[in-house]
Amino acid sequence: MKAFWKNSKVRYLFLCILITFVTSCIIGITPISLDECKCDIQGSPSKLIRQVQRTNQIKSGKHRLAILVPFRDRFDELLIFVPHMHKFLSKQNIRYHIFIVNQIDNYRFNRASLINAGFLEVQKEFDYIAMHDVDLLPMNDELLYHYPAQGPYHIASPELHPRYHYPTFVGGILLVNREQFVQVNGMSNKYWGWGLEDDEFYVRLKEAGLNVGRPENVSTGTHNTFKHIHDRNRKKRDMTKCYNQREVTRRRDRRTGLKDVSYELVDITELTIAGTPTITVFKVSLDCNKTDTPWCDCTKSDDMKGEKVEDKKKNKKSQHGS
Ligand SMILES: *[C@@H]1O[C@H](CO)[C@@H](O)[C@H](O)[C@H]1NC(C)=O
Ligand SMILES: *[C@@H]1O[C@H](CO)[C@@H](O)[C@H](O)[C@H]1NC(C)=O
């Protein structure tokens, strides 16, 4: 054997085999590292995509407005509202989206709870909201829907609104940024039927130390700043008061709000009206705690005297003509 190994030819042959083996081993490993290289090459386009996404994010870092429209059975007004708002807001370069929060349960209309529900659905993507009546159209381009950094901004100011002129009025159209809406726990959920929920919201803002800003030095007045497209004779407002509603809804509600609004989002529909950008319709079914707010349904109430009084008042008002 020793003689065999001492043969230099055999030694060289063995060395060659060894080198060949090692080389093929290296080659065998190489494709793996090449694959890794490919991974890197593939990695760069995804880096590019990430960069593009980041630039979009920077662009969309601009404030985004969610227009929340509490809604029930007002389709004719919606047909006018959406194209008008699109035309109006495009001039101001506002990034906005219109959300119709459509109440589909059988309880009385609850504007505040619909706004709470709408807010919860859009808060991730929008950093301010407009609580917006569907029947109030802004007509003067001096009314700005910009991000309300200082505090809530009441566009439908009592000096400009066609009907409501008391100084604490915050209904109609109100802009609120996301942080401040959360800070005051949104709106009270106790207001079933028409009215007063905005007055309670004013007290929430005031108690939180938030000042309501309003348009100043506007060139128009109460008759020509807004167009009120509500037909009061065709669509009667639900002024009924039953159970102890009148008493309870006059008080500040320190309990209910954004945190406990109870609803089901039944459906989301994208919709375009007359060629305007898509709007979103949330079908919302509200829950009512009948121990807490039995007046969400007045049909079983014995105490309907309140309603009769309201009816007489309404009749008188319409006799005076408006
Ligand atoms: C409105 O007009 C008053 C008086 O001319 C002025 O002092 C005030 O700064 C104006 N406000 C705005 C927001 O332009
Ligand atoms: C309804 O409201 C009452 C009174 O506030 C409360 O005690 C009760 O827990 C509520 N019920 C439900 C199901 O939330």
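Residues numbered from 1 in each chain as written. Chains lettered and ligands numbered in written order. Predicted model: local features only at pLDDT ≥ 70, side-chain atom pairs only at ≥ 80, totals over all residues. Heavy atoms only, no water.

Looking up the chain in an unreviewed UniProt entry gives the name Beta-1,4-N-acetylgalactosaminyltransferase, with the organism given as Neodiprion lecontei.

Would you mind showing me how to read the overall build of the chain here?
Secondary structure assignment for the chain yields eight helices and nine strands. Sorting the 322 residues of the chain into buried and exposed places 42% on the buried side. When the accessible surface of the chain is split by element, carbon and sulfur atoms take 55% of a total near 18900 Å². (Helix = DSSP H or I, 4+ residues; strand = E, 2+ residues; numbered from the N terminus. Buried < 20%, exposed > 50% of the residue type's maximum accessible area, 1.4 Å probe, protein only. Areas by Shrake-Rupley, 256 points an atom, 1.4 Å probe, with all protein chains shown as cover.)

I would appreciate a short explanation of the site of ligand 2 in the present structure.
Contacts to ligand 2 come from Arg255, Asn289 and Asp292. The separation between an oxygen atom of ligand 2 and a polar side-chain atom of asparagine 289 is 2.3 Å. Between aspartate 292 and ligand 2, the recorded distance is 3.3 Å, taken from a side-chain N or O atom to an oxygen atom. Considering ligand 2 on its own, with 370 Å² of exposed area, one finds that the protein chains cover 31% of that surface. (Near = heavy atom within 4 Å. Polar contact = N/O pair within 3.5 Å; in protein donor to acceptor, adjacent residues only side chain to side chain.)

It is not clear to me how a nonpolar patch on the surface should be interpreted in this structure. Could you clarify?
There is a patch of nonpolar side chains on the surface, built from Tyr12, Phe14, Leu15, Leu18 and Ile19 and spanning about 530 Å² of accessible area. Its location among the elements puts leucine 15 in helix H2 (residues 8-60). (Patch = residues over 30% accessible without salt bridge, like charges linked within 9 Å, V, L, I, M, F, W, Y side chains within 5 Å. Salt bridge = Lys/Arg side-chain N within 4 Å of Asp/Glu carboxyl O.)

Just to check I follow, could you spell out the sheet that holds strand S8 (residues 263-271) for this structure?
Within a sheet, neighbouring strands are paired by backbone hydrogen bonds and run either parallel or antiparallel to one another. Here we have seven strands laid out as an open sheet, ordered S5-S6-S3-S1-S2-S9-S8, and mixed in their pairing. Two strands lie at the open edges of the sheet, namely strand S5 (153-154) and S8, each paired on one side alone. Relative to strand S6 (residues 173-177), strand S3 (residues 128-132) runs antiparallel, the two sharing five bridges. Within the sheet, the bridge partner assigned to tyrosine 128 lies in S6 and is asparagine 177. Each of strand S1 (64-71), strand S2 (95-103), S3, S8 and strand S9 (279-286) is contacted by helix H4 (residues 111-122), which is oriented at about 145° to S1, the strand it contacts most. (Pairing = 2+ DSSP bridges. Contact = heavy atoms within 4.5 Å. Axes fitted to C-alpha atoms, helices over the stretch in contact; angles between N-to-C directions.)

In this structure, what is going on with the state of the cysteines? I would like to understand it.
By definition, a disulfide is the covalent link that joins the sulfur atoms of two cysteine residues. This model, assessed by the stated rule, comprises two disulfides. A sulfur-sulfur distance of 2.0 Å marks the disulfide that ties cysteine 242 to cysteine 298. Between cysteine 242 and cysteine 298, the disulfide has an S-S torsion of -85° and is therefore left-handed. Highlighted residues: cysteine 242 in the loop between strand S7 (226-228) and helix H7 (245-248) and cysteine 298 in the loop between S9 and helix H8 (305-320), separated in sequence by 56 residues. Accessibility classification places cysteine 242 together with cysteine 298 in one group, the buried group. Linked covalently through their sulfurs, cysteine 288 and cysteine 296 form a disulfide whose S-S length is 2.0 Å. The sign of the S-S torsion, about -85°, decides the handedness of the disulfide formed by cysteine 288 and cysteine 296: left-handed. Each member of the pair, cysteine 288 as well as cysteine 296, carries the same accessibility label: buried. (Disulfide = S-S within 2.5 Å.)

Help me understand unusual backbone geometry in this model?
The phi torsion of most residues other than glycine is negative, and most of the peptide bonds are trans. For asparagine 185, which is not glycine, the phi dihedral falls at a positive 60°. Looking at the element boundaries, asparagine 185 is found in the loop between helix H5 (178-183) and helix H6 (197-207). For asparagine 185, a relative accessible area of 14% translates into the label buried. Backbone geometry at asparagine 217 places phi at a positive 55°, although glycine is not the residue there. Within the element layout of this structure, asparagine 217 appears in the loop between H6 and S7.

Hey, could you run me through the environment of phenylalanine 201 in this one?
With respect to the helices, strands and loops of the structure, phenylalanine 201 is situated in helix H6. As a C-alpha pair, phenylalanine 201 and methionine 187 span 14 residues in sequence and 5.9 Å in three-dimensional space. Excluding residues that lie within four positions of it along the chain, phenylalanine 201 makes contacts with Met131, Leu174, Val176, Phe181, Val184, Gly186 and Met187.

Can you walk me through the packing of aromatic side chains in this structure?
Geometrically, a pair of aromatic rings is defined through the distance of the ring centres and the angle of the planes. Tallied over the entire structure, the rule returns nine aromatic pairs. On the basis of an interplanar angle of 15° and a centroid distance of 5.3 Å, the ring pair of phenylalanine 99 and phenylalanine 282 is categorised as stacked. Here phenylalanine 99, found in strand S2, pairs with phenylalanine 282, found in strand S9; they are 183 residues apart in sequence, far enough to count as distant. The class for phenylalanine 282 is buried, based on a relative accessible area of 4%. Through successive ring pairs, a cluster of aromatic residues spans Phe99, Phe126 and Phe282. Sitting over the face of the ring of phenylalanine 126, arginine 64 holds its NZ or CZ atom 4.8 Å from the ring centroid. (Phe/Tyr/Trp six-rings, centres within 6.5 Å; stacked < 30°, edge-to-face > 60°. Lys NZ or Arg CZ within 6 Å of the ring centre and 35° of its normal.)

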